[in-house]
Amino acid sequence: MTGSTPTARPRDGKARKRDLRSRPFPALGTRTPADRLEAVEELRAWAEQEAEDAIEWYLADKRLKRLGSRAVRGLMIILATAGTVLPLAGAALDERIQGWGYVFLAAAAGCKGFDHFFGLSTAWMRDITAAQALRGELNEFRLAWSAELLREATGEPEQAVIARRMKLVGGLVAKVRARLDTETSDWTQEFRAGLQQIQEQTVTLPAPREAGAAPER
């Protein structure tokens, strides 16, 4: 993931943040055949809501990353343009302002490094990809579940019906978990690569010389 925790959409429609934790597992009744079928239905609703929570979080995180990425990249373009124009303007006006061009260009490079290190742009793209993939998997599950409900009664034993439906529910839960694990792994690798790159590019400053010491030849 992108380093934060998912946001769930509450029933009243207001945005509310919650950690990436599973929803409370439903209490299931298994005494009668009707109870067992109802338990499978409750598990189906629980699995769907887990997927919806993950999708909603990725969409909310995408909006934040999109705003951050556009702001940083816009500032980078402005600074780079100013850094290029100032030396030309200084030469045309015979003013010594060329030095400010290097300042603006350095600031533009800093914006690019900020975006690269914090992964604003790449996280934005990952959020879109993850949300679309999860939505596709959820829709695929819903179609399969609808087909299951529309099947004609053939006198199948209750255990076979429950096993088939539980396989569908378990498949959805496994796909959502695999998607979250993959996203978390990708984010972790990107963050570590950014740290390593910064460490490699860090310049060790020379130790200050004592006052009165002769310069090295």
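Small disclaimer: the values here were computed from a predicted structure and weren't measured.

**Quick look at the overall build of the protein chain**
Scanning the protein chain from terminus to terminus reveals 4 helices and 2 strands. Reading the protein chain from its N end, one meets helices and strands in the order β-β-α-α-α-α. Within the protein chain, the proportion of its 217 residues that are buried is 29%. Long-range pairs, those at least 24 residues apart, make up 70% of the contacts in the protein chain between residues at least 6 apart in sequence. Looking at the protein chain as shown, the accessible area adds up to about 14,800 Å², and 60% of this sits on carbon and sulfur atoms.

**Here we look at the nonpolar core**
By size, the foremost hydrophobic cluster in this structure holds 20 residues, and its most contacted members are Y58, L134, V169, L172 and V176. Apart from residues no more than four positions distant in its own chain, L134 is found in contact with A54, I55, Y58, V176 and R179.

**Some thoughts on the packing of aromatic side chains**
In this structure the tally under the stated criterion is 2 aromatic pairs. Consider the rings of W57 and Y58, whose centres lie 4.7 Å apart with planes at 70°: the pair is edge-to-face. Y58 gets classed as buried once you look at its relative accessible area, which sits at 0%. The ring of W145 has R165 sitting right over it, with the charged end atom 5.9 Å from the ring centre.

**A look at the packing of helix α1 (residues 33-93) against helix α3 (residues 120-149)**
The relative placement of two packed helices is expressed as an angle between their axes plus a distance between the axes. Between α1 and α3, the shortest axis-to-axis distance is 8 Å and the interhelical angle comes to 160°. Here α1 lies roughly antiparallel to α3, going by the angle between them. Crossing hand, α1 versus α3: left-handed.

**Points about the pattern of salt bridges**
According to the stated counting rule, one finds 13 salt bridges in the structure shown. For R36, the salt bridge is made with E158, and the minimal N-O distance between the two is 2.5 Å. One end of the pair, R36, is in helix α1; the other, E158, is in helix α4 (residues 158-201), and 122 residues separate them in sequence. Taking the relative accessible area as the measure of exposure, R36 reaches 26% and is therefore partly exposed. Accessibility expressed as a relative area gives 21% for E158, which makes it partly exposed. In this structure, the salt-bridge partner of R165 is E148, at a minimum N-O distance of 3.2 Å. Of the two residues, R165 sits in helix α4 while E148 sits in helix α3, which places them 17 residues apart along the sequence. The same class applies to R165 as to E148, namely buried.

**Some words on the packing of α1 against helix α2 (residues 98-118)**
Here α1 crosses α2 at 165°, and the two axes come no closer than 8 Å. Taken together, the axes of α1 and α2 lie roughly antiparallel to each other. The element α1 and its partner α2 pack so that their crossing is left-handed. Split into classes, the residues belonging to the contact of α1 with α2 amount to 16 nonpolar, 6 polar and 3 charged.

**Looking at the environment of V176**
Tracing the chain through its elements places V176 in helix α4. Taking the relative accessible area as the measure of exposure, V176 reaches 9% and is therefore buried. Apart from the residues within four sequence positions on either side, V176 is in contact with A51, L134 and E137.

**Some thoughts on the side chain of K62**
On the secondary structure map, K62 appears in helix α1. The buried charged residue K62 lacks any salt bridge partner; its closest oppositely charged side chain belongs to D127, at an N-O distance of 8.7 Å. Residue contacts for K62: discarding those within four places in its chain leaves W124, D127 and I128.

**Overview of the confidence of the model for the protein chain**
Overall, the prediction assigns the protein chain a mean pLDDT of 77, with 77% of residues at 70 or greater. Confidence drops under a pLDDT of 50 for residues 1-17, and excluding neighbours within four residues, the segment shows 43 contacts in the predicted structure.

Rules and cut-offs
Residues numbered from 1 in each chain as written. Predicted model: local features only at pLDDT ≥ 70, side-chain atom pairs only at ≥ 80, totals over all residues. Heavy atoms only, no water. Helix = DSSP H or I, 4+ residues; strand = E, 2+ residues; numbered from the N terminus. Buried < 20%, exposed > 50% of the residue type's maximum accessible area, 1.4 Å probe, protein only. Contact = heavy atoms within 4.5 Å. Areas by Shrake-Rupley, 256 points an atom, 1.4 Å probe, with all protein chains shown as cover. Core = buried A, V, L, I, M, F, W, Y, C linked by side-chain atoms within 4.5 Å. Phe/Tyr/Trp six-rings, centres within 6.5 Å; stacked < 30°, edge-to-face > 60°. Lys NZ or Arg CZ within 6 Å of the ring centre and 35° of its normal. Axes fitted to C-alpha atoms, helices over the stretch in contact; angles between N-to-C directions. Parallel < 35°, antiparallel > 145°, perpendicular 65-115°, else oblique. Left-handed = near helix turned anticlockwise from the far one by under 90°. Salt bridge = Lys/Arg side-chain N within 4 Å of Asp/Glu carboxyl O. Nonpolar A, V, L, I, M, F, W, Y, C, P; charged D, E, K, R; others polar. Lys, Arg positive; Asp, Glu negative; His and termini not counted. pLDDT = per-residue confidence, 0-100.

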